[in-house]
Structures are given as structure tokens and as C-alpha cells.
Amino acid sequence: MSYPESRRDDVVDTLHGQEIADPYRWLEDPDAPDTRDWVRRQNEFTQAELSGYPEREWFQTTMAAVLARPRAGVPAKKAGWYLVGRNDGTQAQDVVYVAESLDALLAGGRVLIDPNTLSADGTDSLGSFTVSPDGKYLAYGVNESGSDWTTFRLLDIATGTPVDDVVTGAKFCEATWLPDSSAYLYLHYPASGRSEGTETKTLTGGRLMLHKVGTPQSDDELVLSFPDQDRYFITPEVSEDDRYLVVHITEGTDPGARLWVFPITSDGFGEPVKVVDSFADEIAFVRMSGDQLVLRTDRDASRGRVVLASLDGEFVDLIPEGEATLQAVRGTAAGLATLTLVDAQPALTLFALDGSDARAIDVPGGGVVGFDASPEYDELFIGLSTTTDPTVSYVVSTSSGVVRALPELVRGSGGFTSPSVTVTRRVEPGREVPYFLITRSDLDTSAPRPTLLYGYGGFRIPILADYKPGWPAWLAAGGVLVIANLRGGGEYGSDWHDAGRLKNKQNVFDDFIAVAEHLRDTGVTTPAQLAIHGRSNGGLLVGAAMTQRPDLFAVALPGVGVMDMLRFHLFTVGAAWASDFGHPDDASEFEDLLAYSPLHQLRDGTSYPATLVVTGDHDDRVVPLHSHKFIAELQHAQSGPGPVLTRVEVNTGHGFGKPAAMVAAEWADLLAFAAHHVGLVPPEQ
């Protein structure tokens, strides 16, 4: 196959005594005319190739129907208001509705903010929203073209009237209100370049700022910063009794946290009490219990526990570590609510504030979409999904434990009807890697079938049998879906995470390969019928697996992946990932990174799987240069018959906030490409 020309330059770096060629360094500048021209030519080539695939029309029609289903998010109750995001199936972005009672919200509610009016093409999205304690203001964050950069604006909730108040240059935060509703806190990143989303400059340290409503941002007050620590992140929240500003400080993406408590005074904040002042353990504030703090932690408890902590840092168990993995804890009017994972499947339990009176609450689902509660209210809201259907929300009385499903949140009908599926739990025996095997219930699985294997394996993020828009379409087409629980994830606690990061990162790829081999050996599929997919850290997973075992897979679908493990730390927030990957500037960690870096493990003359790489030109988290350089090198190296293509979405970022039509089109192309090369023939329309 004759691919679009990709210029190879004579760029060579000497890193820790080794010469490392980087012929596509020029693709690191997303705004350079040469890069833009390369993206245009690659996209044209990809679309020409995909246009000849007979499977594409079926997946385009099916994905359009999937995204045309009316849907709703998980309600939240804030300062007396009930809010929910809802989509009638025709809208690019979900619309936020508000009401003064749950029944009024279920009846429809009132449109509070419609993100579809923020931009002409629907690519600007709502990143977060919070309500001031007095119920007057909604502070909402806008992300342009899928960028992580956030602009905060205000609305008067009662009238829906915009308030003339704007804060720019924020990232990785929401507006955290002070008790008197006069001001909010946010994380500001100064001098970090443009915020259009194509900026690749290394992110400087964030500053915790206090913004008083009605004053210019230039007057905002600095509350906390670490000018010599660019990798520190600061996350504030106000205790429900309004006595403290509780600040979590983390280093990069490492779960270990410091916990500082600032007394809230009439004229600002007092000196911080450093309850925990090291990064040794995961620490998360839950609520107050008298003069003590309720915390979630993995200190001396790999699967997590809930403790009562004094201000001097002494911990006493409230809910000891159990066999389930503790994911989240919320304060409720009756005490506490925990969300745990039992073999990567969610469970909700209510407790009294002292950790007694445990009551399991039956709310079925494969993945958790939302979990909202407060010590101020009896109502707890939880939303769950399955692999074939998006959110089903429930309201739970934390005093009585009574559960009520809320199907009325979804307004309208139509679109796609998901197939009935069978979900089976399996374990690869050699490395003991669990995975979900999902098939259409009426499918004959006596012979090997085209299969899509998905994984992530990083940053203590649990991967569950939850909803992604492409899953029901793939299953409806007759494909098998496999979701693997790999080391490095969060399904089985901090020990499981540690077994798949830093020096142990290769374990993640070995786990993934082991699952693929188990699928082959048990007759689920064959290498000629097996496609692999993952996004972000999962894109790295796919890149590593396909370069280490190109014989095992027919198709590789890496999305927005980290592919250059020697330079990831030089762009935007990349240095924060060293907690999982290691740091290329460290000689010993460099060797590990080089050993699996997908870009650097491509070898000329190798037969690689058919590959479709997807990225967004406004991805300022995993910048598109990773995908660009990888596909250019892969096109140069490929000796096999499988095409290697890239699909670069314009005016979108890492994935969050992508308009529905773009989501449908991307999934249609991914699934059509996979189906074409693994022999999956969709049913007739």
C-alpha cells in the first residue's frame, strides 16, 4: 500500500549514552503548515480506504441510532435544587435541567444551561458545574473544542440569567464555593500558553486562587501554590459544617496525597493544619464527625478502609478493610455510603456514622456513572450502566434504605434497541487475569468468532463491564466483546495497581497478551479474528501489545495513546504520569520505558496488524504528536498486508465533551475497520 509521504529527518538524540533516532520530530508542532498538510493528506487517505468497506454503512446507520437514543445522567441535589443532564437524542451535548423538587425534575424541569448554544459546531462542552451554598449561583466550566482548559461563568439559577463574571486559565478543577457564597476557589495555570487546545507547552504548577463574585480576575487572591513543584495538583473542598477548607495535594497522578485543613475565619483562612504531610498513602476527605475527620485511605489497607482522623493525624478504623475494593465514600444524612467493587462489579452499602449498621442496597449494573450524596439530605443518587445500555439512575433513602428507580428522567423514546447479552466472568489461569466475556444471547459460540478485546491497566482506574457507545453496535453485529481487568488498574486495590506500574509496567502488557492467548486456546476466537482496542493509557497498551506480539492480533485500534515514552514528559501535563510510567530523565527508568515504548519498538519489515489510530487535533492531555509519530513510523515499517491508517478528528480533544455526531462517526469507522479485517459480517439492515 502506498501511503501519504511522511518526511524523515535526520534527528538523533543521545539519551543516557544511547543514540535515539526521531525522524518525525517535526510532527510535534500541531500548528506547523507541514503538520497540518500531513494531517489533511492522512485523513483523506483514510477516508478513501474506509469508503470501500461494505461494513461501514451498517455501522454508520447503527451508531447513529445508538446515539439517537434519549438519555439522562444522574441527578444531583445542591442547595435545595435538583439538577440533571438530559439529551433527547438529537443534541450534540447534554442539556442541564433544574427543578425545586425531584418530582418536578422527573416531570421535565426547566432548562438551566444548554451547552449546544456555546459554539456553532457543538464542540464546546460543559466541564463541571457547582451551586453556591445559598442556591443563587451556578458556576459552570466551559471546555472549548475538547480542551482541558476551562473558563468559568455564572448563572442566576432562579432566573437563568447570565451573571457578568468570568474566570479563565483554569484546569483540572471545579468551582469550590465558600460557605457565604461570596467567592469560589479554582486552580489557575498562569503563563501556560494559548488555551485553544493545540498548545503543547509543558504545564506549569497550578495555583489555588480565590475569586470574589463581581470582581475582576486580576484581583483574585492566591491561597496556596508550590512554585517549585510543577507536578503538584491541589484539590479543595469545604467541610459540610463550613468550618474547614480541606485541601488534597497530590504529586502528578500518584494516588498518594497530603491533606491540609485550613480553618475558615470571618476574614479568610487560618494557618493550615497538616493532618497528613507526606505522599505515602491515598487519603480522601469524606465528611466531619464532630471535631474529627472521616477519611478514606489505603494506609495499611490495599483494598481501602474508612477511618476517623484527629487533626494530629491519628487514624482509628470506622469501616475496616474487607475483601471488596473500596472505591468511594459519601457522607449522608444517616451517616456514610460506600461504593465497593466485588470482583470488578459495583456494590452500594449504607452505614451509620460510627461504621455500624451496614445495609447492602440492591442497585444492579456493571459500571457506576454517578454517585451523589450529602450529609444535608436523606436522598442519595446513583447511576449505573451495562455494556449495552447507558445510565439507569436510582434514588435511595439513606435512612430507610428504600430504593426507587428513575426511568422517568429519560424523556422520549426511539433510536436503537440493544440486543440481549450474556455476561460471563472468566479468569486466565496462568497469570490469573480476570475478564468479562460478553456475547449476544442468541449467538452460537460453538466456533471461534470475531472478537474485540478491550483494556486499560493503569493509574488505579478500574475497568468495569460498563457502557461505551460502540459496545452495543459491535454486539448487535454478532461480535464477541471481552473486557480485561489488568494489573495497574484499580479493581483490586493498591497492590494490584503497584503490580502494573513503574518497574512492573510490562506486567500490564503481559496480562493483556495472556488474555488474548486464553481466548485463542479456549476457542473463543483466533488471531485472525481478534481486534484489540484501548484509549489513552489503553492506547499505549494496544501499541505495546501489537509491537510485542504482532502475530497475535488481526486488528489494532489505539486511541489517543501515549506512544513516545521517551518524550511524553515534555508536553502539557505529561510529566504527571511519571508516577505510573517512570521518568525518561532517570537512567534506570529510561531503560524500562525504551523497552516497551511503542514508537521505538516498531521494526522495519515486520508484518503488523491492520491498524487504525484515532486522535484529536485539540487533545492537550495526550497531545496528538504521539499518534502522528507512531502512525508515520508504522507506515514506514509495515511489511504485512494490513493497512495502517490514522483518523484525526478536528476541533476535538481527548474525548470528553465530544459532540454526539462525532462520537457516532468515530465509533462507526473503528468498528467497520475492525469488522472488515476480522471477518465480522453485520446482519442485513
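Just above, that's the structure.
What you see is a predicted model; the values in this text were computed from it and never measured.

Before going further, it helps to spend a moment on the sheet that holds strand 37 (residues 530-535). If you trace the eight strands from one edge of the open sheet to the other, you get 33-34-36-35-37-38-39-40, paired in mixed fashion. The sheet is open, and its two edges are formed by strand 33 (421-428) and strand 40 (644-649), each paired on a single side. On average, each strand axis in the sheet is tilted by 20° relative to the strand beside it, whichever way the strands run. Judged from the four bridges that link them, strand 34 (residues 433-440) and strand 36 (residues 480-484) form a sheet pairing that is antiparallel. Across the sheet, Y435 pairs through a bridge with A484, a residue of strand 36. Across the sheet, helix 7 (residues 537-548) touches strand 37, strand 38 (555-559) and strand 39 (610-616), and the angle it forms with strand 37 is around 145°.

Let's shift gears to the pattern of salt bridges. Using the criterion set out here, one finds 45 salt bridges in the structure. Among the salt bridges present, the one from R25 reaches D22, with a minimum N-O distance of 2.5 Å. If you follow the salt bridges from partner to partner, you end up with D13, D22, R25, E28, D564, R567 and K629 in one network.

A few words now on the packing of aromatic side chains. Each aromatic ring pair is described using two quantities: the centre-to-centre distance and the angle formed by the ring planes. Under the definition given, this model contains 22 aromatic pairs. A connected cluster of aromatic rings, assembled from ring pairs, spans Y137, F152, W177, Y184 and Y186. Geometry around Y97 places R86 over its ring, the cationic atom sitting 4.5 Å from the centre. Seen from the ring of F315, R299 lies directly overhead, with NZ or CZ sitting 4.2 Å from the centre.

On to the sheet that holds strand 25 (residues 325-332), then. Across the sheet, which stays open at both edges, the four strands sit in the order 25-26-27-28 with antiparallel pairing between neighbours. Lying at the two open borders of the sheet, with one neighbouring strand each, are strand 25 and strand 28 (359-361). In this sheet, neighbouring strand axes are inclined to one another by 25° on average, regardless of whether the strands run parallel or antiparallel.

Moving on to the pairing of strand 14 (residues 207-212). Looking at chain direction, strand 13 (residues 183-188) and strand 14 are connected through six bridges and run antiparallel. In the strand pairing of strand 14, Y184 is matched with H211. Both strand 14 and strand 15 (residues 221-224) contribute to a ladder of three bridges, which runs antiparallel. In the sheet register, L208 faces strand 15, and the bridge partner there is L224.

Along the chain, the position of S119 falls in the loop between strand 7 (110-113) and strand 8 (125-131). S119 sits in the buried class, given a relative accessible area of 15%. The spacing of S119 and A72 is 47 residues in sequence and 22 Å in space, taken between C-alpha atoms. In terms of polar contacts, S119 uses its side chain to reach the backbone amide nitrogen of D124, at 3.1 Å.

A positive phi angle, close to 50°, is found at D343, a residue other than glycine. With a phi close to 55°, L502 is a non-glycine residue in the positive phi region. Here L502 is to be found in the loop between helix 5 (494-498) and helix 6 (506-521). A residue is classified by how much of its surface remains accessible, and L502, at 31% relative accessible area, is partly exposed.

Across its 18 residues, helix 1 (residues 33-50) extends 26 Å between first and last C-alpha, which sits within 8% of the 26 Å expected from 1.5 Å per residue. When helix 1 is considered as a whole, its buried residues turn out to be T35, W38, V39, Q42, N43, T46 and L50. An end-on view of helix 1 places all buried positions within 130° of arc, on one side of the element. What points out from helix 1, more than 90 degrees from its buried face, is the exposed set P33 and A48. In this structure, the buried side of helix 1 is in contact with helix 2 (55-67), strand 39, helix 10 (625-637), strand 40 and helix 11 (660-678).

The rules behind each value
Numbering of residues starts from 1 in every chain and runs along the sequence as written. Selection of residues for local features in this predicted model requires a pLDDT of at least 70, selection of side-chain atom pairs for listing and counting requires 80 or more, and totals for whole chains, interfaces and linings are taken over all residues. As a rule here, side-chain values come from all non-hydrogen atoms in the structure, and water together with hydrogens is ignored. Here, a strand pair is defined by DSSP locating no fewer than two bridges between the strands. Elements are defined by DSSP. Helices are runs of H or I of four residues or more, strands are runs of E of two residues or more, and each kind is numbered from the N terminus. Think of each axis as a best-fit line through the C-alpha atoms, taken over the contacting stretch in the case of a helix, with angles from 0 to 180 degrees between the N-to-C directions. Any two residues whose heavy atoms approach within 4.5 Å at even a single point are treated as in contact. The working definition used for a salt bridge is a side-chain nitrogen of Lys or Arg within 4 Å of a carboxyl oxygen of Asp or Glu. Stacked, tilted and edge-to-face are the three classes applied to pairs of Phe, Tyr and Trp rings, where Trp contributes its six-membered ring and a pair requires centres within 6.5 Å; stacked means planes under 30 degrees apart, edge-to-face means over 60, and tilted covers the rest. Distance and angle both matter: a charge sits over a ring if NZ of Lys or CZ of Arg is within 6 Å of the ring centre and within 35 degrees of the ring normal. Exposed residues in this analysis have more than 50% of their type's maximum accessible area, buried residues have under 20%, and partly exposed residues fall in between, with area computed by a 1.4 Å probe over protein chains only. Pairs of N or O atoms within 3.5 Å make up the polar contacts considered here, provided that, within protein, one atom can donate a hydrogen while the other can accept it, and that residues adjacent in sequence are counted only when both atoms are side-chain atoms. The span expected for a helix works out to 1.5 Å for each residue beyond the first. Comment: arc refers to directions from the helix axis out to C-beta atoms.

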